[in-house]
Amino acid sequence: MPEAPKNSYPSDYSLDEMNKKKLEFIENVTSNPDEVQKKVLSEILLRNAHVEYLQRNGLNGHTDRESFKKTMPVITYEDIQADINRIANGDTSPILCSKPISEFLTSSGTSGGERKLMPTIEEELERRSLLYSLLMPAKTPGGLVARPVLTSYYKSCHFKERPYDPYTNYTSPNETILCPDSYQSMYSQLLCGLCQNKEVLRVGAVFASGFIRAIRFLEKHWPLVVKDIRTGTIDSQITDPSVRDAVMKILKPNPKLAGFIENECRKDCWQGIITRLWPNTKYVDVIVTGTMSQYIPILDYYSNGLPLVCTMYASSECYFGVNLNPLCKPSEVSYTLVPTMAYFEFLPVHRNNGVANSISMPKSLNEKERQELVDLVDVKLGQEYELVVTTYAGLYRYRVGDVLRVAGFKNKAPQFNFICRKNVVLSIDSDKTDEVELQNAVKNAVNHLVPFDAAVSEYTSYADTTTVPGHYVLYWELSLNGTTPIPPSVFEDCCLTIEESLNSVYRQGRVCDKSIGPLEIKIVEPGTFDKLMDYAISLGASINQYKTPRCVKFAPIIELLNSRVVSNYFSPKCPKWVAGHKQWSSNNNKATTRIEEMNGKAQTV
Ligand code: AMP
């Protein structure tokens, strides 16, 4: 297998030499991806030959691709949930992986309303570091940067003891990034970024939603930041001693800069605020692919159209790949899966065109579908696939839930556009709500209408990101048989019941992160959904196949719905949400949260 570039090189190595090594590695692995993949699979199977899961499925120590494909099922999280629960409850026997599980990563994907737990092993950190190290040579020369990283990685020595590299040099001291209090973390990072404003060359966060949250935070708290820069002191709400010490090493009284920032922030219009406050910024480093594309207009507004750079595609299950053309347009971003990261397979996706949507649960694959899975080098240009991974940490033929489209090739390695998360209809931040969850939530809510002899005859939904923060909107058409008017409080109860019924990531966004606003129900005039159908048919949908879409995104449809709203109601309070995961809160396994849940704190400018 091509040797991965080292994390550190002798001190006499120049940046150019280090970059050269990394580029050579990319050339190498993309020139022989099939070979690398074969080796990755046999390595994973060899070292895990005796784990319970592989034995249970009868792999019998085979390490070749054919036996693996013939024997092993293609699975979803639910299929291994019992195994994961055993590990989470302290069973240290080799169930999925021969190496000790070092921690769980909590995915923003959910199962039964709870976050999925992804087991990981120590050495995965090395693989993740490798991917980060490949994110370097965009065009900008060294300087202070912001770069997406995840909490687990942040807390590891791989991050804290990283060798000097201009591409991982931040304006935020580690202490501010690692501070568990999100207000203090965000505040101190903004303060450090602003008091060194001329040195900042890139700004960013993992996902666009988190970056926008940082800007909104600044909109609210800039007077305090300005005061601190003017006087060279830190606001008393920042109480963490390590954060205070770290910030004080950077902060010096600078009345001139404070006056400049005050003047810019005081203006009513925040268009271009990023380039105004950080005049040397060359680009914004955020993921704007997938559902995050809804934030592109607002990012363009704040940054005056700076390039939006999506560098990597990663998940709790595995880090997948990098964007080798970081300065391309957001709509053209493609990720090259790095063949050493895991063994990748691809399940062809046959999507229905048009507006029609159906409610479906992910089902087990039948034999024929299993045979449809193809290897990394066998994917076809333009075709869409669901990603299936086999990882060093013990996931075997695991369906990640992402749909990718082949956009091109780097040498022999395919490059993929991120298309969507399978089945997800609504998303504001890291929440992912699918049709089935939405359907159940609506079903629970309509119970409030029963005493009034009313029912919901049709509904659809919309992720409204024009409000701050964004929020879910449900459009309801009612069928009313009773004569008693329905009081507003009943609809408010419906809003709250829907929120209570949604998954824990949604509720965390509402309660803890405040990244999602109160859910809204808009009641539309009778006949509205017929109009919606007429509209879809006018666009070419077949009347026989037409089903009401459970989520709408197309602007003319939203306009049509909004023009027929007769009343609207918001959730009157936050739904219930408790921190932690009920299944593992009482044992020794550490759980680490992905940064996007905390991206208020982990990002810097
Ligand atoms: P998590 O399950 O919380 O670890 O989140 C991982 C998921 O985030 C992936 O499976 C994707 O659905 C999404 N994701 C990660 N990177 C990207 C990207 N570059 N573009 C779009 N979506 C992404």
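Now for a look at the structure at hand. (Residues numbered from 1 in each chain as written. Predicted model: local features only at pLDDT ≥ 70, side-chain atom pairs only at ≥ 80, totals over all residues. Heavy atoms only, no water.)

## What about the overall build of the chain?
Rule in force here: Only DSSP runs of H or I covering at least 4 residues are called helices, and only runs of E covering at least 2 are called strands; the numbering of each starts at the N terminus. The contact rule is simple, with two residues in contact once any of their heavy atoms fall within 4.5 Å. Using the Shrake-Rupley algorithm and a 1.4 Å probe, accessible areas are obtained, with residue cover drawn only from the displayed protein chains.
For the chain, the helix and strand inventory stands at 22 helices and 20 strands. In the chain, of all internal contacts separated by at least 6 residues, the share reaching a separation of at least 24 is 71%. Surface accessibility of the chain: about 25,300 Å² in total, with carbon and sulfur atoms responsible for 51%.

## A short note on the side chain of Q415
The line we're drawing: For every residue, the accessible area (1.4 Å probe, protein chains only) is compared with the maximum for its type, and the residue is labelled buried under 20%, exposed over 50%, or partly exposed between those bounds. N or O atoms within 3.5 Å of each other form a polar contact, as long as, within protein, one can give a hydrogen and the other can take it, and as long as residues adjacent in sequence are counted only when both atoms are side-chain atoms.
Here Q415 lies in strand β13 (residues 413–421). The exposure class assigned to Q415 is buried, which follows from its relative accessible area of 14%. Within polar-contact distance, the side chain of Q415 engages the side chain of T336 at 2.9 Å. When neighbours within four sequence positions are excluded, Q415 is seen to be in contact with L324, S334, Y335, T336, R405, V406, A407, G408, F409 and K410.

## A short note on the sheet that holds strand β8 (residues 335–337)
Here is the rule: Pairing between strands is defined by DSSP: at least two bridges between them are needed. Angles run from 0 to 180 degrees between N-to-C directions of axes, and those axes are lines fitted to C-alpha atoms, restricted for helices to the stretch in contact.
An order of β6-β7-β8-β13-β12-β11-β9-β10 is seen for the eight strands of this open sheet, with the pairing classed as antiparallel. At either margin of the open sheet sits one strand with a lone partner, and together these are β6 (312–314) and β10 (374–375). Sheet topology note: the strand β9 (residues 343–348)/strand β11 (residues 384–390) ladder contains six bridges and is antiparallel. Across the sheet, the residue bridging to L347 is E386, located in β11. Along the sheet, helix α6 (residues 124–133) makes contact with β6 and β7 (319–322), crossing β7 at roughly 15 degrees.

## Side note on the nonpolar core
Quick note on the threshold: Grouping buried Ala, Val, Leu, Ile, Met, Phe, Trp, Tyr and Cys residues that are joined through side-chain atoms within 4.5 Å yields what is termed a nonpolar core.
Grouped together as the largest cluster of nonpolar side chains are 147 residues, with contacts concentrated most on I229, L387, L449 and W476. Top element by residues in this core is helix α11 (residues 208–231). It accounts for 11 residues. Ignoring anything within four residues of it in the chain, the contact list for L449 reads A454, A455, V456, W476, L478, I486, V490, F491 and C494. Listed in part, the 13 residues of the second largest apolar core include V473, F529, Y546 and V552.

## Comments concerning the packing of aromatic side chains
What counts, and what does not: Only rings of Phe, Tyr and Trp enter the pairing, Trp through its six-membered ring, and a pair is recorded when the two centres are within 6.5 Å. The plane angle decides the type: under 30 degrees is stacked, over 60 is edge-to-face, the rest tilted. Here, a charge over a ring is recorded when the distance from Lys NZ or Arg CZ to the ring centre is within 6 Å and its angle to the ring normal is within 35 degrees.
Under the criterion given, the structure shown has 14 aromatic pairs. Between Y313 and Y335 the ring centres are 5.7 Å apart and the planes differ by 40 degrees, which places this aromatic pair in the tilted class. Taken together, the residues span a long stretch of sequence, with Y313 in strand β6 and Y335 in strand β8 at a distance of 22 residues. Between the aromatic rings of F346 and F416, the centroid separation amounts to 5.1 Å while the plane-to-plane angle is 15 degrees, which identifies the pairing as stacked. Placement of the pair is F346 in strand β9 and F416 in strand β13, with a sequence separation of 70 residues. Here F346 matches F416 in class, with each residue buried. Directly above the ring of Y392 sits R127, whose terminal nitrogen or CZ lies 3.4 Å from the centroid. One residue, R550, lies across the ring of Y459, its end atom 4.2 Å from the ring centre.

## Quick word on the pairing of strand β16 (residues 454–464)
Among the 11 residues in β16, eight count as buried, and that is most of the element. Bridge analysis of β16 against strand β17 (residues 471–480) gives 10 bridges, and the strand direction is antiparallel. Residue pairing in the sheet places Y459 in a bridge with W476 of β17. Hairpin connection, β16 to β17: the antiparallel pair is bridged by six residues.

## Description of empty space enclosed by the protein
Applicable threshold: The rule is simple: put a 1 Å grid over the protein atoms alone, call a set of points where a 1.4 Å probe fits but cannot get out a cavity, call an open set with protein on both sides within 12 Å along at least five of seven lines a pocket, and count a residue as lining if it has an atom within 4 Å of a point. Grid points are joined across faces, edges and corners, and a volume is the space filled by probe spheres set on the points. Residues are sorted three ways: Asp, Glu, Lys and Arg are charged, Ala, Val, Leu, Ile, Met, Phe, Trp, Tyr, Cys and Pro are nonpolar, and all the rest, Gly among them, are polar.
Inspection of the entire model under this criterion finds nine cavities of 30 Å³ or more. Size it by volume and the largest cavity reaches roughly 440 Å³. Lining the largest cavity are 29 residues; nearest its centre among them are F207, D402, F418, R421 and K432. At the level of secondary structure, the elements contributing two or more residues to the lining of the largest cavity comprise β1 (101–111), β6 and β13. Residues belonging to the lining of the largest cavity are distributed by class as follows: 11 nonpolar, 10 polar and eight charged.

## Thoughts on the pattern of salt bridges
Applied cut-off: For this document, the term salt bridge refers to a Lys or Arg side-chain nitrogen within 4 Å of an Asp or Glu carboxyl oxygen.
The final tally for this structure, using the stated rule, is 33 salt bridges. A salt bridge links R213 to D429; the shortest N-O distance between them is 2.7 Å. With R213 in helix α11 and D429 in the loop between β14 (424–426) and β15 (433–434), this pair connects stretches of sequence that are 216 residues apart. Per residue, the accessibility class of R213 equals that of D429, and both read buried. Residues E500 and K576 are paired through a salt bridge, measuring 3.8 Å at the closest nitrogen-oxygen approach. Placement of the pair is E500 in helix α18 (residues 488–501) and K576 in the loop between β19 (565–570) and β20 (591–593), with a sequence separation of 76 residues. One network of salt bridges, in which partners are shared, links D34, R65, K69, E345, D375 and R397.

## A short note on the pairing of β11
In terms of burial, β11 is largely enclosed, as seven of its seven residues are buried. Two elements, β11 and strand β12 (residues 398–410), share five bridges in a ladder whose sense is antiparallel. Residue pairing for β12: V388 is matched across the bridge by R399.

## Quick look at unusual backbone geometry
Residues V468 and P469 are joined by a peptide bond in cis, for which omega reads -10 degrees. Here P469 is to be found in the loop between β16 and β17. Even without a glycine there, the phi angle at D453 is positive, about 55 degrees. With respect to the helices, strands and loops of the structure, D453 is situated in the loop between α17 (435–446) and β16. Residue classification places D453 among the partly exposed positions, given a relative accessible area of 45%.

## Remarks on helix α15 (residues 296–303)
Inclusion rule: When we speak of the arc, we mean the arc of directions from the helix axis to the C-beta atoms.
For α15, the set of buried residues is I296, L299, Y302 and S303. Viewed end-on, α15 has its buried residues packed into an arc of 130 degrees, placing them on one side of the element. Buried residues along α15 sit in contact with α11, α14 (273–277), β4 (283–287) and β5 (308–309). A positive phi of about 55 degrees marks N304, the residue just after α15.

## Focus: the environment of R405
Mapped onto the elements, R405 comes out in strand β12. Distance from R405 to F416, taken between C-alpha atoms, is 5.2 Å for residues 11 residues apart in sequence.

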